[in-house]
Amino acid sequence: MADVIRIETPLTKEKIMQLKVGDSVLICGIIYTGQDAAHKKMVEALASGEELPFNVKDQIIYFVEPTPSKPGQVIGSAGPTTSGRMDAYSPALFAIGLTGMIGKGQCSPEAIAAMKEYGAVYLGAVGGAGALMSKHIISSEVIAYPELGTEAVYRLRVKDFPAMIIIDSQGYNLYEMGKAQYRRV
């Protein structure tokens, strides 16, 4: 079994080059959230020359729509959203320095090509484990688009947030590799 790699954010290009498909990681530091509506707003802002609500360079966006927190909780359930929903927007964010995204499910060939071109990674988080994932979030703050409710952009501080490298910066794709290995058996 491979060792688990601890990643401290920001996720620099130097750190990315050391991550390989299939690596298990624990993320510590700041990550941001974003879903379809927030991604659309950010890409529209870029297109009109506006600044984004945070500097995406060397950052990770977690595709999540956290549920409201209960008293005494930092955040409610925070499981990953299907990544393909953000594929139309991700290349524009990679182009300005985004280095990581966390979600579940496959990404489009266009998103994968952008990861290779700009040096970014896709990390998978376990779907259906939102309550468990929320235990690794130690602070949560809405920083943009509060009108979107739970789809607002949050700044999360995480500790030992578990994920796996699904697509590395070279474009190696665990989903495709798994299918190929299965076909050989």
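Our subject is the structure listed above.
Just so it is clear, the structure is predicted and the values come from calculations on it, not from any experiment.

Thoughts on the overall build of the protein
Line of reasoning, step 1. Helix and strand content of the protein: six helices and seven strands.
Line of reasoning, step 2. The order of helices and strands in the protein, counted from the N terminus, is β-α-β-α-β-α-β-α-β-α-β-β-α.
Line of reasoning, step 3. Burial statistics for the protein: of 185 residues in total, 48% are counted as buried.
Line of reasoning, step 4. A fraction of 62% describes how many contacts in the protein between residues 6 or more apart in sequence connect residues 24 or more apart.
Line of reasoning, step 5. Only carbon and sulfur atoms are counted for the fraction: they give 54% of the accessible area of the protein, which is about 9,100 Å².
Line of reasoning, step 6. Both charge centroids of the protein, one from 18 positive and one from 19 negative side chains, sit 6 Å from each other.

Description of the pairing of strand S4 (residues 100-103)
Line of reasoning, step 1. Neither face of S4 is open: one carries Gly100 and Ile102, the other Met101 and Gly103, and all of them are buried.
Line of reasoning, step 2. Bridge count between strand S3 (residues 60-62) and S4: three bridges; the pairing is parallel. Pairing of Ile61 across the sheet is with Met101, part of S4.
Line of reasoning, step 3. In this fold, the crossover linking S3 to S4 by way of helix H3 (residues 90-95) has right-handed handedness.
Line of reasoning, step 4. Note: S4 against strand S5 (residues 121-124), four bridges, orientation parallel. Its bridge partner being in S5, Met101 is matched across the sheet by Tyr122.
Line of reasoning, step 5. Taken together, S4, helix H4 (residues 109-118) and S5 form a β-α-β motif whose crossover is right-handed.

So, the nonpolar core
Line of reasoning, step 1. One finds Cys107 and Met115 to be the most contacted residues of the largest nonpolar core, which totals 27 residues.
Line of reasoning, step 2. Among the secondary structure elements, those contributing two or more residues to this core are strand S2 (24-33), helix H2 (36-47), H3, H4 and strand S7 (153-167).
Line of reasoning, step 3. Among the elements that make up this core, the one with the highest residue count is H4 (four residues).
Line of reasoning, step 4. Ignoring any residue separated from it by four or fewer positions in sequence, one finds Met115 in contact with Phe94, Met101, Cys107, Ala120, Val121, Tyr122, Ile167 and Ser169.
Line of reasoning, step 5. One finds Ile7, Val25, Ile60 and Ala152 within the second-largest nonpolar core, a separate group that totals 25 residues.

Focus on unusual backbone geometry
Line of reasoning, step 1. Between Thr9 and the following residue, Pro10, the backbone shows a cis peptide bond with an omega angle of 10 degrees.
Line of reasoning, step 2. For Pro10, the position within the fold is in the loop between strand S1 (5-8) and helix H1 (13-17).
Line of reasoning, step 3. Located in the positive-phi region is Tyr145, a residue other than glycine, with phi close to 55 degrees.
Line of reasoning, step 4. Relative to the helices and strands, Tyr145 resides in the loop between strand S6 (137-144) and S7.
Line of reasoning, step 5. Of note in this structure, Asp160 is not a glycine but carries a positive phi near 55 degrees.

Rules behind the numbers
Residues numbered from 1 in each chain as written. Predicted model: local features only at pLDDT ≥ 70, side-chain atom pairs only at ≥ 80, totals over all residues. Heavy atoms only, no water. Helix = DSSP H or I, 4+ residues; strand = E, 2+ residues; numbered from the N terminus. Buried < 20%, exposed > 50% of the residue type's maximum accessible area, 1.4 Å probe, protein only. Contact = heavy atoms within 4.5 Å. Areas by Shrake-Rupley, 256 points an atom, 1.4 Å probe, with all protein chains shown as cover. Lys, Arg positive; Asp, Glu negative; His and termini not counted. Charge placed at Lys NZ, Arg CZ, Asp CG, Glu CD. Pairing = 2+ DSSP bridges. Right-handed = clockwise from strand over helix to strand, strands pointing away. Core = buried A, V, L, I, M, F, W, Y, C linked by side-chain atoms within 4.5 Å.

Limitation: the analysis is restricted to geometry and does not speak to function.
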